[in-house]
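Summary of the model geometry
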Amino acid sequence: MKKKFKLVDLDCANCAAKMENAIKKIDGVTDANVSFMMQKMTIEADDARFDEIMQEVVRVCKKVEPDCQIQM
Amino acid sequence: MTKKQKNMLYRIIIAAVIYIPLFVMEHMGKLEFETTFPISFLLFMVPYVIVGWDIVYRAVRNISHGQVFDENFLMCIATFGALGVQEYSEAVAVMLFYQIGELFQGYAVGKSRQSISEMMDICPEYANIEVDGQLKQVDPDDVSVGDIIVVKAGERIPLDGVVVSGTSFVDTSALTGESVPRKVGEGSEIISGCVNGSGLLKVKTTKEFDDSTVAKILELVENASSKKAKVENFITKFAKYYTPFVVCAAVVLAIFPPLVLSQPFGEWLKRACIFLVISCPCALVISVPLGFFGGIGAASRQGVLVKGSNYLEVLSEMKTIVFDKTGTLTKGEFAVSKILPGEECKEEELLEMAALAEGFSDHPVAGALKNAYVERVSSALSMERVADAREIPGHGIMARIDGNLVCAGNAKLMEKEGVWYEANPEPGTVVYLAKDGIYMGSIVISDTVKPEARQAISQLRRSGVAKTVMLTGDRREVGEAVAHELGIDQVYTDLLPGDKVDKVESLLSELGEKERLGFVGDGINDAPVLGRADIGIAMGSMGSDAAIEAADIVLMDDDIMKISAVMRIARQTLKIVKQNIVFALLVKAAVLLLGALGMANMWEAVFADVGVSVIAILNSMRTLKVK
């Protein structure tokens, strides 16, 4: 399943790249893309475990860039 | 400005108001206190804390999260170092300028993002559905195929569909860049994202929202930033190594000379701090993608969708361009291209005779004759003058017009009827006409070349395309005539769809390094070729969905003139991006070198970091304005 999320207060391009890499490493995520320009994140992951994976994504993002909020 | 940015601005102003008098007093020697209590340190700490507390806080927080080498941390080390060698004034200045730069950077990025999204503001918010005679606004997602939606004047068309009632002019400029409104009426297909100009339209939807043009375009544009150009990938990689390298160099600089060469510790610590200030690759990391984003935005304003920044890069290196003929260089519809009356007859008369004879036929040739008659002679064709029209398969038509026996057909018909005729060698379909056994003349019907095609080809040549090639499944005479008319270098005719792929492959193998091949097609059985070429360009409004999917660049209004315009945008974008890279690297390298030799101070380091960043961003924003 592919889903898009809006990101609020994503202030630096470097962090966006770091977030993207961190998300891609999560188990069950097939593809992830964090667009600094569009302030959007696209995540492609396992259908069955999507919610669980999303929790992990939020946790990882908090770690990289605590100021950035993911709008669900 | 956002609320956050405004807050930052106030903090900067307050800190500056406190800092400037302190700075002046220090320079006048009025801050020399003869006590052991560090009064001047505390005085300078006031503006430092006001402007930089969040940097310190974030640095500590991010380290606890395992994120060490970020800008916050580096700024902290640099300013702490300056404080450590009792350069209080410079520590505050570095922090202050860093924050000003960050604020400006954030503002500039936000501004350009906004202008791009405004340009792409084509997403409809709602659709009107009639329920029990009442109009109800619903989410376009909830409308199913076959529903009737109502589009009022000034509203954006939410879904693709066919007009069932009403007439209006629709503004397609957001999608195609075409400023002349298009007239639509009952039966016209309309695409989502356009704005209904004047009348009320009832539209029967033909697609779900997710399959509608507008949703597809938005998806393409949003995904465009994920397909990165080589330059962009290079910068990402570069950034990964640059920061650790500079930080290590700073550490060596701080430790090695004082310990081994017993140099003064303070002086080398200062030089190390200069290194840390310059160690952030921000100027590149932000300005390069921003430049490409702007370039894609500028192209979409022209009605051209570019599906990724890598394609802009390829486009700027395009040396060979291959065109499909039908539908791309030609309109893909038959029209009368030449009327050659015999001695006994006039042009209008001949056309009238042909149109009447073919009047009952629904063959494309007949359609072309009737259209030409309506356009050139009179709007009404009096079919009651025609009797006994019958078709002779593979030959043409014989009919009685005003009592005279008229034959309209190919050369075979003339020979069969024993009529003397003047053979017409023109490419295209030739219709010969005879009245009562006497030759009257001939009419040539062919696919018409798009009026702008010739100019488009010569513009491409001026933009640096070295070779133009045309591929067609059509006969040799027809293909060569079109190629000649348009000034195309090479033409391959009588090709089956599979042959086109082979031809493109052999053309690809002829290319040198750094030379790219583009293919332009309307998408009807072109998808494999579009995918095979270095860059596939498809016609958006006429092309098939498969082609738009397979293509890398989509011309929304089918205007091939736009190809050279996009090439120009691509070139300009690449130029600006390269300028930024060279500029940022040179300044950084120069200041690093001067810093290591003790010839640069903190101020120059701050400029090399934030100043360069701001200049690069401003430069990148120029891509948005490329025409």
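Everything here concerns the structure above.
Residues numbered from 1 in each chain as written. Chains lettered and ligands numbered in written order. Predicted model: local features only at pLDDT ≥ 70, side-chain atom pairs only at ≥ 80, totals over all residues. Heavy atoms only, no water.

**Description of the overall build of chain B**
If you tally the helices and strands in chain B, you get 21 helices and 22 strands. Scaling as 2.2 N^0.38, a compact globule of 627 residues should have a C-alpha radius of gyration of about 25 Å, whereas chain B reaches 35 Å, well beyond that. If you line up chain B on its principal axes, its C-alpha atoms span 125 × 65 × 40 Å. Put simply, chain B has 627 residues, and 51% of those count as buried. Counting contacts in chain B only where the partners sit at least 6 residues apart, residues at least 24 apart contribute 66% of the total. (Helix = DSSP H or I, 4+ residues; strand = E, 2+ residues; numbered from the N terminus. Rg over C-alpha atoms; globule rule 2.2 N^0.38 Å. Buried < 20%, exposed > 50% of the residue type's maximum accessible area, 1.4 Å probe, protein only. Contact = heavy atoms within 4.5 Å.)

**Some details on the overall build of chain A**
Of the regular secondary structure elements, chain A holds two helices and four strands. In sequence order, chain A lays out its α and β elements as β-α-β-β-α-β. For chain A, the C-alpha radius of gyration of 11 Å lies close to 11 Å, the compact-globule estimate for 72 residues. Evaluated residue by residue, chain A yields a buried proportion of 49% over its 72 residues.

**Observations regarding the pairing of strand 3 (residues 148-151) of chain B**
All names here are of chain B. Relative to strand 3, strand 1 (residues 127-131) runs antiparallel, the two being bridged by two bridges. If you follow Ile129 over to strand 3, its bridge partner there is Ile149. Relative to strand 9 (residues 201-205), strand 3 runs antiparallel, the two being bridged by four bridges. Along strand 9, the bridge assignment pairs Val150 with Lys202. (Pairing = 2+ DSSP bridges.)

**A closer look at the pairing of strand 15 (residues 404-409) of chain B**
All names here are of chain B. Taken together, the six bridges between strand 14 (residues 396-401) and strand 15 define a ladder with antiparallel strand orientation. Bridging across to strand 15, Ile397 finds its partner in Ala408. Hairpin connection from strand 14 to strand 15: two residues lie between these consecutive antiparallel strands, with Asp402 at a positive phi of about 50°. Examined bridge by bridge, strand 15 and strand 16 (residues 429-435) share four bridges and lie antiparallel to one another.

**Topic: unusual backbone geometry**
Residue and element names in this part refer to chain B. Positive phi outside glycine occurs at Asp388, with the angle close to 50°. Within the secondary structure, Asp388 is located in strand 13 (residues 386-392). At Lys514, a position not held by glycine, the phi torsion is positive, near 65°. On the secondary structure map, Lys514 appears in the loop between helix 17 (497-509) and strand 20 (516-521).

**As for the packing of helix 12 (residues 347-357) of chain B against helix 13 (residues 364-376) of chain B**
Residue and element names in this part refer to chain B. It is the contact of helix 12 with helix 13, at a shortest axis distance of 9 Å, that shows an interaxial angle of 135°. Classified by the interaxial angle, the pair formed by helix 12 and helix 13 is oblique. The chirality of how helix 12 crosses helix 13 is left-handed. Within the contact between the two elements, helix 12 uses Leu351, Glu352, Ala354 and Ala355 and helix 13 uses Leu369, Lys370, Ala372, Tyr373 and Arg376. The residue makeup of the contact of helix 12 with helix 13, split by class, is six nonpolar, no polar and three charged. (Axes fitted to C-alpha atoms, helices over the stretch in contact; angles between N-to-C directions. Parallel < 35°, antiparallel > 145°, perpendicular 65-115°, else oblique. Left-handed = near helix turned anticlockwise from the far one by under 90°. Nonpolar A, V, L, I, M, F, W, Y, C, P; charged D, E, K, R; others polar.)

**Digging into the side chain of Ser446(B)**
Residues and elements named next belong to chain B. Along the chain, Ser446 turns up in strand 17 (residues 438-449). In this structure the side chain of Ser446 is engaged in a polar contact, spanning 3.0 Å, whose partner is the side chain of Ser337. When sequence neighbours within four positions are dropped, the list of residues in contact with Ser446 reads Glu333, Phe334, Ala335, Ser337, Pro427 and Gly428. (Polar contact = N/O pair within 3.5 Å; in protein donor to acceptor, adjacent residues only side chain to side chain.)

**A short note on the interface of chain B and chain A**
Across the boundary between the two partners, chain B contributes 21 residues, which contact 20 residues of chain A. Note on chain B versus chain A: buried area summed over both sides is about 1,900 Å², and carbon and sulfur give 52% of it. The tally of links from chain B across to chain A stands at zero salt bridges. Where chain B meets chain A, there are zero residue pairs in polar contact (both at pLDDT 80 or more). For the side of chain B that touches chain A, the elements supplying multiple residues, two or more each, are helix 2 (39-64), helix 4 (88-119), helix 6 (213-224) and helix 9 (282-301) of chain B. The element that contributes the greatest number of residues to the side of chain B that touches chain A is helix 9 of chain B, accounting for five residues. The residue inventory of the side of chain B that touches chain A, partitioned by class, reads seven nonpolar, five polar and nine charged. (Buried area = accessible area lost by both parts, 1.4 Å probe. Salt bridge = Lys/Arg side-chain N within 4 Å of Asp/Glu carboxyl O.)

**Here's the deal with the sheet that holds strand 15 of chain B**
Residue and element names in this part refer to chain B. With respect to topology, six strands assemble into an open sheet ordered 12-17-16-15-14-13, the strand pairing being antiparallel. On the outer flanks of this sheet lie strand 12 (330-341) and strand 13, each paired with one strand and no other. On average, each strand axis in the sheet is inclined to that of its neighbour by 20°, with strand direction left out of account. Note: strand 16 against strand 17, seven bridges, orientation antiparallel. Counterpart to Lys435 in the pairing with strand 17 is Ile438. Contacting strand 12, strand 13, strand 14, strand 15, strand 16 and strand 17, helix 12 crosses the sheet at an angle of about 80° to strand 17.

**A closer look at the nonpolar core**
Val306(B), Leu329(B), Ile560(B) and Ile563(B) are the most contacted members of the largest nonpolar core, which has 101 residues in total. The biggest single contributor to this core is helix 20 (residues 561-596) of chain B, with 13 residues. When residues no more than four places from it in sequence are discounted, the contact partners of Ile563(B) are Met318(B), Ile321(B), Phe323(B), Leu460(B), Val520(B), Ile537(B) and Leu555(B). The next biggest cluster of nonpolar side chains, apart from the first, holds 29 residues, and it includes Ala16(A), Met19(A), Met41(A) and Ala108(B). (Core = buried A, V, L, I, M, F, W, Y, C linked by side-chain atoms within 4.5 Å.)

**Focus: the pattern of salt bridges**
Residue and element names in this part refer to chain B. What the rule picks out here adds up to 21 salt bridges over all chains. Residue Arg11 pairs with Asp54 through a salt bridge whose shortest N-O separation is 2.7 Å. With a gap of 43 residues between them, Arg11 in helix 1 (residues 3-27) and Asp54 in helix 2 connect regions that are remote in the sequence. For the pair Arg11 and Asp54, a shared accessibility class is recorded, and that class is buried. Residues Arg271 and Glu267 are paired through a salt bridge, measuring 2.9 Å at the closest nitrogen-oxygen approach.

**Focus: the sheet that holds strand 9 of chain B**
Within the open sheet, the six strands sit side by side as 2-1-3-9-4-7 (chain B). Their pairing is antiparallel. Because the sheet does not close on itself, it has two edges, and the strands there are strand 2 (134-138) and strand 7 (189-190) of chain B.

**So, the packing of aromatic side chains**
Each pair of aromatic rings is reported with the distance of its centres and the angle of its planes. One pass over the structure, following the stated rule, counts seven aromatic pairs over all chains. Cation over ring: Arg271(B) sits above Trp268(B), and NZ or CZ is 4.2 Å from the ring centre. (Phe/Tyr/Trp six-rings, centres within 6.5 Å; stacked < 30°, edge-to-face > 60°. Lys NZ or Arg CZ within 6 Å of the ring centre and 35° of its normal.)

**A few points about the packing of helix 8 (residues 265-278) of chain B against helix 21 (residues 602-621) of chain B**
Geometry of a packed helix pair, given as the angle between the helix axes and the separation of the axes. All names here are of chain B. Packing of helix 8 against helix 21 brings their axes to within 8 Å, and their N-to-C directions diverge by 15°. The pairing of helix 8 with helix 21 is recorded here as roughly parallel in orientation. Where helix 8 crosses over helix 21, the handedness of that crossing is right-handed. Seen from helix 8, the contacting residues are Cys273, Ile274, Val277 and Ile278; seen from helix 21, they are Met602, Ala605, Val606, Ala608 and Asp609. In terms of residue class, the contact of helix 8 with helix 21 is built from eight nonpolar, no polar and one charged.

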